[in-house]
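The lines below spell out each chain.
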Amino acid sequence: MTLDGKTAILTGASRGIGPYIAKSLSAQGVNIIGIARSASGLDNTKSAVEANGGTFHSHPFDLTDINGLESLVNQLWTQYGPIKILVNNAGIEYSQHFDKMTREKTSDILSTNVQCPIELTRSILPKMIAEKEGHIITIASLAGKKGLAYNSIYSASKAAMIMWSDGLRQEYADSPIDISVICPGFISEVGMFNDDNIPPPPMLGASKPQKVADAVMKALKKGSCEIIVNKGPIKPLLAIGQLSWKIADTITRWFGVPALNRKRISV
Ligand SMILES: NC(=O)c1ccc[n+]([C@@H]2O[C@H](COP(=O)([O-])OP(=O)(O)OC[C@H]3O[C@@H](n4cnc5c(N)ncnc54)[C@H](OP(=O)(O)O)[C@@H]3O)[C@@H](O)[C@H]2O)c1
């Protein structure tokens, strides 16, 4: 796909990893429609993108308004013309013992991380198919590849996104639509993990947010794919997990992941 002059919707564009993705997309000439709740956060991203000669349209919107997503997509399509790229980046997490989770918190995570990307995609996909061009990129997480203690709903939401993308990729393999999923591990400098100010487990480390933006750009060049963004090699652990959950649990505990997530509860 030639990127110059294309239009992309980027959710979660107000802070964290989103602004990095926005800057990388705009560096390739992509016009961005940025969505998040915070108008001031979106304006900061808009200023950064425009300072580099890019185009960024701010659209403050609460993505948990699932019933409003279809008309949002229709409105944006009418206003900006064909949208060729959707980056489902917005997400939330909440560290807590599962038995202390409220129904409200659980439903907030599932609607932001699962229902919203699914409904946004369902609204835009027929239009992309009619245009014979489109790429849906979802930012999932390594938490969807190996469950996280004290963050199990978040893990479940990201596993859902990985398998949903997996199914879609196969379903649309013979169409002009590309489906990609990015699975970052811990991210430093900005974002939900960094905000808690707890260092990552030394053996796992953390990747810079630009690596996630680079993965999005790689997906756009490559076409449908799944990309893991992690400081060190993690695929062997994931492969072991397919053979033995017991060994994978032991290694995960040895890396200090459950202990780290337990600390995040009290942050
Ligand atoms: N940071 C990490 O270590 C890490 C690792 C793996 C995967 N990820 C994934 O990467 C993505 C970005 O994470 P991040 O670290 O950049 O998170 P973040 O700093 O917490 O930012 C989250 C973004 O999502 C937006 N958002 C959240 N709820 C929303 C809602 N109801 N409506 C509209 N926008 C909403 C936020 O904007 P407003 O608050 O302004 O609405 C913000 O722009 C997420 O999907 C996350 O799960 C992050």
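For the structure itself, look to the data block above.
Residues numbered from 1 in each chain as written. Predicted model: local features only at pLDDT ≥ 70, side-chain atom pairs only at ≥ 80, totals over all residues. Heavy atoms only, no water.

Undergrad: Could you give an account of the nonpolar core, naming the residues involved and the relevant values?
TA: By size, the foremost hydrophobic cluster in this structure holds 48 residues, and its most contacted members are I9, L63, L69 and I124. Going through the elements one at a time, β2 (31–36), α3 (69–80), α4 (103–131), α5 (152–171), β6 (177–184), α8 (235–243), α9 (245–255) and α10 (257–265) are the ones with two or more residues in this core. Element by element, the count of residues in this core is highest for α4, at 6 residues. Once residues lying within four places of it in the same chain are set aside, the contact partners of L69 are F61, L63, C116, E119, L120 and S123. (Core = buried A, V, L, I, M, F, W, Y, C linked by side-chain atoms within 4.5 Å. Buried < 20%, exposed > 50% of the residue type's maximum accessible area, 1.4 Å probe, protein only. Helix = DSSP H or I, 4+ residues; strand = E, 2+ residues; numbered from the N terminus. Contact = heavy atoms within 4.5 Å.)

Undergrad: Pulling in residues and values, what's your account of the site of the ligand?
TA: In the neighbourhood of the ligand, 30 residues make up the surrounding shell, with R15, I17, R37, N89 and Y154 lying closest. Take G12: an N or O atom from its main chain is 3.2 Å from an oxygen atom of the ligand. Relative to its unbound accessible surface of 880 Å², the ligand loses 96% to contact with the protein. At the level of secondary structure, the elements contributing two or more residues to the shell around the ligand comprise α5 and α6 (191–194). Among the elements that line the shell around the ligand, the one with the most residues is α6, at 3 residues. Across the shell around the ligand, the residue classes break down as 15 nonpolar, 11 polar and 4 charged. (Near = heavy atom within 4 Å. Polar contact = N/O pair within 3.5 Å; in protein donor to acceptor, adjacent residues only side chain to side chain. Areas by Shrake-Rupley, 256 points an atom, 1.4 Å probe, with all protein chains shown as cover. Nonpolar A, V, L, I, M, F, W, Y, C, P; charged D, E, K, R; others polar.)

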